Amino acid sequence: MLSMQDISMVYRTDLVETHALRDFSLDVAEGDFVSVTGPSGSGKTTFLNIAGLLEQFTKGRYELDGRDVSSLSDAQRSKVRNEKIGFIFQGFNLIPDLSLYDNVDVPLRYRGFSAAERKRRIEHVLDLVGLGSRMKHLPSQLSGGQQQRVAIARALSGEPRFLLADEPTGNLDSQMALSVMELIKQINDQGTTIIMVTHDPALAGMASRNIHIRDGQVSDVEHDTQLVAAIAG
């Protein structure tokens, strides 16, 4: 589903070159649940931005769902991103004066779905995350964990091929974090491919595979004491 080969990303200023990724290669199969760990500055965010077509890279090849996306125009990248990728961020990024229903509706309106199709999708994903009875509530009327569930529902409403999650439990207490992770695991069990960046070894251990990034390069790490040591840096 996702294949990166020898990806390099170099940020240049007049005086400095910063190599965020170096000959980075990774294959993620359909249905995988991959956690991504590594110390600050290791290249995790750059990898996630490139995977989500939010940022272009310096060299290499990137195939998404069998299509080479390395040289797409901005408009083409935006179209692929909107149709195939869902994003879940540490900050919930909900619009405070819109209801849960309308928050989920925003990206669907951008896609141009009919009102009936949008209604079907919104009600389905809010039911999926356990908030179908609260769709007229405002975000301020929900707990942090519930707001993250709305953000997940919004990401799922477009029926993406895979989800990119950047520290999805970073703003939650341990109990809420576990609840959100159980939901993410459930979504993966239903067939959605998930790539999740996390600093928490316990949460990383819930994935089927861990990718550890250090100095812009990647290595697979088993889910055992090696993983905890690697995350600790």
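Caption draft 1: Structural context of the overall build of the chain. Counting its regular elements, the chain contains eight helices and ten strands. The globule rule puts the C-alpha radius of gyration for 233 residues at 17 Å, and the 18 Å found for the chain is close to it. Seen through its C-alpha atoms, the chain measures out along the principal axes to roughly 50 × 40 × 35 Å. Here the chain holds 233 residues, and 48% of them are scored as buried.

Caption draft 2: Representation of the side chain of Asn188 within the structure. Note on placement: Asn188 falls in helix 6 (residues 174-189). Within the structure, Asn188 has its side chain in polar contact with the backbone oxygen of Asp32 (distance 3.2 Å). Other than its neighbours up to four places away in sequence, Asn188 contacts Gly31, Asp32, Phe33 and Ile194.

Caption draft 3: How the structure looks around unusual backbone geometry. Look at Asp65: it is not a glycine, yet its phi comes out positive at around 55°. Checked against the element boundaries, Asp65 lands in the loop between strand 4 (59-64) and strand 5 (67-68). Exposure remark for Asp65: the relative accessible area of 28% places this residue in the partly exposed category. Unusually for a residue other than glycine, Glu167 sits at a positive phi of about 50°. Judged by its relative accessible area of 12%, Glu167 is buried.

Caption draft 4: Geometry of the pairing of strand 8 (residues 193-197). Counting buried residues in strand 8 gives five out of five residues, a clear majority hidden from the surface. Note: strand 3 (residues 33-37) against strand 8, four bridges, orientation parallel. Directly across from Phe33, in strand 8, lies its bridge partner Ile194. As paired strands, strand 7 (residues 162-166) and strand 8 are joined by five bridges and run parallel to one another. Residue Leu164 lies in a different strand from strand 8, and its bridge partner there is Ile195. You can see the chain leave strand 7, run along helix 6 and come back into strand 8, and the turn it takes is right-handed.

Caption draft 5: Representation of helix 6. Counted at 1.5 Å a residue, the expected span for helix 6 with its 16 residues is 22 Å, and the 22 Å between its end C-alpha atoms agrees. Where helix 6 is concerned, the buried positions are Ala177, Val180, Met181, Leu183, Ile184, Ile187 and Asn188. Projected down its long axis, helix 6 carries its buried residues within an arc of 155°, all on one side. Those residues of helix 6 that are exposed and angled more than 90 degrees off the buried face are Gln175 and Asp189. Contacts made by the buried residues of helix 6 are with strand 3, helix 4 (115-128), helix 5 (144-156), strand 7, strand 8 and helix 7 (201-204). Its side-chain oxygen at 3.2 Å from the backbone nitrogen of Gln175, Asp173 defines the N-terminal cap of helix 6.

Caption draft 6: Focus on the packing of helix 3 (residues 100-111) against helix 5. The geometry of helix 3 relative to helix 5 is characterised by a closest axis approach of 8 Å and an angle of 35° between their N-to-C directions. Classified by chirality, the crossing of helix 5 by helix 3 is right-handed. Along the contact surface, helix 3 presents Leu100, Asn103, Val104 and Pro107, while helix 5 presents Val150, Ala153 and Arg154. For the contact of helix 3 with helix 5, a count of residues per class yields five nonpolar, one polar and one charged.

Caption draft 7: Region of the structure containing the packing of aromatic side chains. Taken as a whole and assessed by the stated rule, the structure comprises two aromatic pairs. Between Phe87 and Phe89, the aromatic rings sit 5.9 Å apart at their centres with planes inclined by 0°, giving stacked as the arrangement. One Lys or Arg, Arg121, reaches over the ring of Phe113 and ends 4.1 Å from the middle of that ring. Above the plane of the ring of Tyr101 lies Lys136, whose end atom (NZ or CZ) is 4.5 Å from the centre.

Caption draft 8: Layout of the pattern of salt bridges. Applying the stated rule across the entire model yields 17 salt bridges. The partner of Asp23 in a salt bridge is Lys59, with the nearest N and O atoms 3.2 Å apart. Of the two residues, Asp23 sits in strand 2 (residues 17-28) while Lys59 sits in strand 4, which places them 36 residues apart along the sequence. Of the residues examined, Asp23 reaches a relative accessible area of 44% and is grouped as partly exposed. The residue Arg120 makes a salt bridge to Glu117 at a minimum N-O spacing of 2.8 Å. Of this pair, Arg120 and Glu117 both sit in helix 4, separated by three residues, roughly a single helical turn. Counted as one network, the salt bridges with shared partners bring together Glu30, Asp65, Lys84 and Arg161.

Scoring rules and cut-offs
- Residues numbered from 1 in each chain as written.
- Predicted model: local features only at pLDDT ≥ 70, side-chain atom pairs only at ≥ 80, totals over all residues.
- Heavy atoms only, no water.
- Helix = DSSP H or I, 4+ residues; strand = E, 2+ residues; numbered from the N terminus.
- Rg over C-alpha atoms; globule rule 2.2 N^0.38 Å.
- Buried < 20%, exposed > 50% of the residue type's maximum accessible area, 1.4 Å probe, protein only.
- Polar contact = N/O pair within 3.5 Å; in protein donor to acceptor, adjacent residues only side chain to side chain.
- Contact = heavy atoms within 4.5 Å.
- Pairing = 2+ DSSP bridges.
- Right-handed = clockwise from strand over helix to strand, strands pointing away.
- Expected span 1.5 Å × (residues − 1).
- Arc of directions from axis to C-beta.
- Axes fitted to C-alpha atoms, helices over the stretch in contact; angles between N-to-C directions.
- Left-handed = near helix turned anticlockwise from the far one by under 90°.
- Nonpolar A, V, L, I, M, F, W, Y, C, P; charged D, E, K, R; others polar.
- Phe/Tyr/Trp six-rings, centres within 6.5 Å; stacked < 30°, edge-to-face > 60°.
- Lys NZ or Arg CZ within 6 Å of the ring centre and 35° of its normal.
- Salt bridge = Lys/Arg side-chain N within 4 Å of Asp/Glu carboxyl O.

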